[in-house]
Amino acid sequence: MTYFSKEWTDSLVLPDGSVVSSVYELEKYMKANDCSLKEDYSDEYLQTRRRRNEKAQREQLFSEFIHNYKRSIWYDK
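Residues numbered from 1 in each chain as written. Predicted model: local features only at pLDDT ≥ 70, side-chain atom pairs only at ≥ 80, totals over all residues. Heavy atoms only, no water.

### A closer look at the overall build of the protein
When its secondary structure is counted, the protein shows 2 helices and 2 strands. Its helices and strands in sequence order give the protein the pattern β-β-α-α, from N to C terminus. Relative to its full complement of 77 residues, the protein shows a buried share of 10%. A separation threshold of at least 6 residues defines the contact pool for the protein, and within that pool the share at least 24 residues apart is 6%. (Helix = DSSP H or I, 4+ residues; strand = E, 2+ residues; numbered from the N terminus. Buried < 20%, exposed > 50% of the residue type's maximum accessible area, 1.4 Å probe, protein only. Contact = heavy atoms within 4.5 Å.)

Structure representation (structure tokens):
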């Protein structure tokens, strides 16, 4: 989303304590913290988010498996 707008007259204080004064800064914060507006929760967005979460979970489980496998090899002797 791209906006060509001036800065707001009032700034917003976000939950992490940072202050935003434009739509661009707000969207940048939301993207960095994996947030979205209510209108953005389309089926495609939810499906993409679900796939990304499942991929991260698979990667974590595989990493744990490899770690435990290496431990069993080194400490089994």
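### Re the packing of aromatic side chains
Taken as a whole and judged by the stated rule, the model has 1 aromatic pair. Geometrically, the ring pair formed by Phe65 and Tyr69 is stacked, given 6.4 Å between the ring centres and 20° between the ring planes. One end of the pair, Phe65, and the other, Tyr69, are both in helix α2 (residues 43-75), 4 residues apart, so they sit about a helical turn from each other. For Phe65, a relative accessible area of 52% puts it in the exposed group. (Phe/Tyr/Trp six-rings, centres within 6.5 Å; stacked < 30°, edge-to-face > 60°.)

### Considerations on helix α1 (residues 23-32)
Within the sequence span of α1, burial applies to Val23, Tyr29 and Met30. Buried residues of α1, seen end-on, are gathered within an arc of 125° and therefore sit on one face of the element. In this structure, α1 carries Tyr24, Lys28, Lys31 and Ala32 as exposed residues pointing more than 90 degrees from its buried face. Within two residues after α1, Asp34 carries a phi angle of roughly 55°, on the positive side. (Arc of directions from axis to C-beta.)

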